Amino acid sequence: MIRTFRESDLSAVMKIWLDTNIKTHNFISKEYWTSNYEMVKEILPKAEIYVYEDDPTNLIDGFIGLMDSYIEGLFVKETAQSKGIGKQLLDHVKSIKSNMSLSVYQENIRAVHFYQREQFQIQSENIDDNTNEKELIMTWSK
């Protein structure tokens, strides 16, 4: 089930955020993610967030966060990946937004392919000032 984020979801969402970033972005130091944890924890509730909650267990398996029409992040915990949860979250926000954009690290090939499969187009490239990694700017519109 997809639902709107609640304050009580914060610790589960942050665990998914940290664990997934460390595992998926192994080309960036673990310290980068751990040092940004508290800042993200503070600003995350200000975003428009939808969580995927597993019906039988009531545990959060993933979430998507947006600021207006910019996807700040889409995260699915490792044990729940490749089960269509990311697509369901993305389809949910596609149903309420007419266009969206995002940045994805070029080295995160799995994510790049996922977004391309979901009709996002690469618009440009840049270097993330915080990590010095190449990012792809991707957009989607109805």
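Colleague: Is there a simple way to explain the packing of aromatic side chains in this structure?
Modeller: To describe a pair of aromatic rings, one takes the distance between the centres and the angle between the planes. Per the counting criterion, the structure on display carries eight aromatic pairs. Where Y115 meets F120, the ring centres are 5.4 Å apart and the plane angle is 65 degrees; that geometry is what we call edge-to-face. For the pair Y115 and F120, one class covers both residues: buried. Put simply, the rings of W17, Y32, W33 and Y37 touch in pairs and so form one group of aromatic residues.

Colleague: Explain the sheet that holds strand β1 (residues 2-4) here, please?
Modeller: Across a sheet, paired strands are connected by hydrogen bonds in the backbone, their directions being either parallel or antiparallel. Read from one edge of the open sheet, seven strands run β1-β2-β3-β4-β5-β7-β6, paired in mixed fashion. Of all strands in the sheet, those bounded by a partner on one side alone are β1 and β6 (121-127). Adjacent strand axes in the sheet meet at a mean angle of 30 degrees, parallel and antiparallel pairs treated alike. In this sheet, strand β3 (residues 60-67) lies alongside strand β2 (residues 48-53) in antiparallel orientation, the contact comprising six bridges. Within the sheet, the bridge partner assigned to E48 lies in β3 and is L66.

Colleague: Would you mind showing me how to read the nonpolar core here?
Modeller: Membership of the largest hydrophobic core comes to 23 residues, with the highest contact counts inside it found for I64, I71, L90, M100, Y115 and F120. Put simply, the parts of the chain that give this core at least two residues each are β2, β3, β4 (70-76), α3 (85-94), β5 (99-105), α4 (109-117) and β7 (134-141). Beyond its immediate stretch of four places on either side in the chain, F120 contacts I71, L90, K94, M100, L102, Y115, M138, T139 and W140. The next biggest cluster of nonpolar side chains, apart from the first, holds 21 residues, and it includes V13, Y32, Y37 and I60.

Colleague: What is the right way to look at the environment of E133 in this model?
Modeller: Mapped onto the elements, E133 comes out in the loop between β6 and β7. Assessed through its relative accessible area of 16%, E133 is described here as buried. Between the C-alpha atom of E133 and that of P56, which follows or precedes it by 77 residues, the distance is 39 Å. Sequence-distant contacts of E133, defined by excluding residues within four places in its chain, comprise F27, I28, Y105, E107, N126, I127 and D128.

About the thresholds
- Residues numbered from 1 in each chain as written.
- Predicted model: local features only at pLDDT ≥ 70, side-chain atom pairs only at ≥ 80, totals over all residues.
- Heavy atoms only, no water.
- Phe/Tyr/Trp six-rings, centres within 6.5 Å; stacked < 30°, edge-to-face > 60°.
- Buried < 20%, exposed > 50% of the residue type's maximum accessible area, 1.4 Å probe, protein only.
- Pairing = 2+ DSSP bridges.
- Helix = DSSP H or I, 4+ residues; strand = E, 2+ residues; numbered from the N terminus.
- Axes fitted to C-alpha atoms, helices over the stretch in contact; angles between N-to-C directions.
- Core = buried A, V, L, I, M, F, W, Y, C linked by side-chain atoms within 4.5 Å.
- Contact = heavy atoms within 4.5 Å.

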